[in-house]
Amino acid sequence: IMINKEGSADWEESLSPENQLINNFGRGVCGEDYPCGLCQGQCETDDDCKGVLQCFERDGNEAIPGCLETSSGQASGLNFCYDPLGTYVIPP
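Residues numbered from 1 in each chain as written. Predicted model: local features only at pLDDT ≥ 70, side-chain atom pairs only at ≥ 80, totals over all residues. Heavy atoms only, no water.

Considering the packing of aromatic side chains
In the structure shown here, the tally under the stated rule is one aromatic pair. Pairing Phe-56 with Tyr-82 gives two aromatic rings, centres 5.2 Å apart and planes at 80°, and the pair type is edge-to-face. With Phe-56 in strand β5 (residues 54-56) and Tyr-82 in strand β6 (residues 80-82), the pair connects residues that are 26 residues apart, well separated along the chain. (Phe/Tyr/Trp six-rings, centres within 6.5 Å; stacked < 30°, edge-to-face > 60°. Helix = DSSP H or I, 4+ residues; strand = E, 2+ residues; numbered from the N terminus.)

Things to note about unusual backbone geometry
For residues besides glycine, phi is generally negative; the peptide bonds are generally trans as well. Between Gly-41 and Gln-42 the backbone carries a cis peptide bond, its omega angle lying at 25°. Within the element layout of this structure, Gln-42 appears in the loop between β4 (40-41) and β5.

Regarding the state of the cysteines
According to the stated counting rule, one finds four disulfides in the structure shown. Between Cys-39 and Cys-67 runs a disulfide, and the two sulfur atoms are separated by 2.0 Å. Between Cys-39 and Cys-67, the S-S dihedral sits near -90°, and the bridge is therefore left-handed. Taken together, the residues Cys-39 in the loop between β3 (23-24) and β4 and Cys-67 in the loop between β5 and β6 connect sequence positions 28 residues apart. Each member of the pair, Cys-39 together with Cys-67, is buried. Look at the protein and number its bonded cysteines as they come in the sequence; the links are 1-2, 3-7, 4-6, 5-8. (Disulfide = S-S within 2.5 Å. Buried < 20%, exposed > 50% of the residue type's maximum accessible area, 1.4 Å probe, protein only.)

Here's the deal with the nonpolar core
Grouped together as the largest cluster of nonpolar side chains are 18 residues, with contacts concentrated most on Cys-49, Ile-64 and Cys-81. At the level of secondary structure, the elements contributing two or more residues to this core comprise β5 and β6. The greatest single-element share of this core, amounting to three residues, is contributed by β6. When near neighbours in sequence (up to four residues on either side) are disregarded, Ile-64 contacts Ile-22, Phe-56, Arg-58, Glu-69, Phe-80 and Tyr-82. (Core = buried A, V, L, I, M, F, W, Y, C linked by side-chain atoms within 4.5 Å. Contact = heavy atoms within 4.5 Å.)

Okay, structure coming up:
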């Protein structure tokens, strides 16, 4: 899922390495109606993340497993969806 800055979903699925870059959409975008995908946030709970993904809650600038830092994800304490098992495959 790619969510644009206005908060609406652009349902583009891709197996591109870009899906592992951190994308911070801000509070209130990720949720039950538009769950965030791998390395997307900001999530508050696991329910904000798609499928088996979970919300990786940070207190500071901890690295998010399986995700690459970008300037949009470097703010301290922001939470992002990640794959705790390292096996997530983007569904068709």
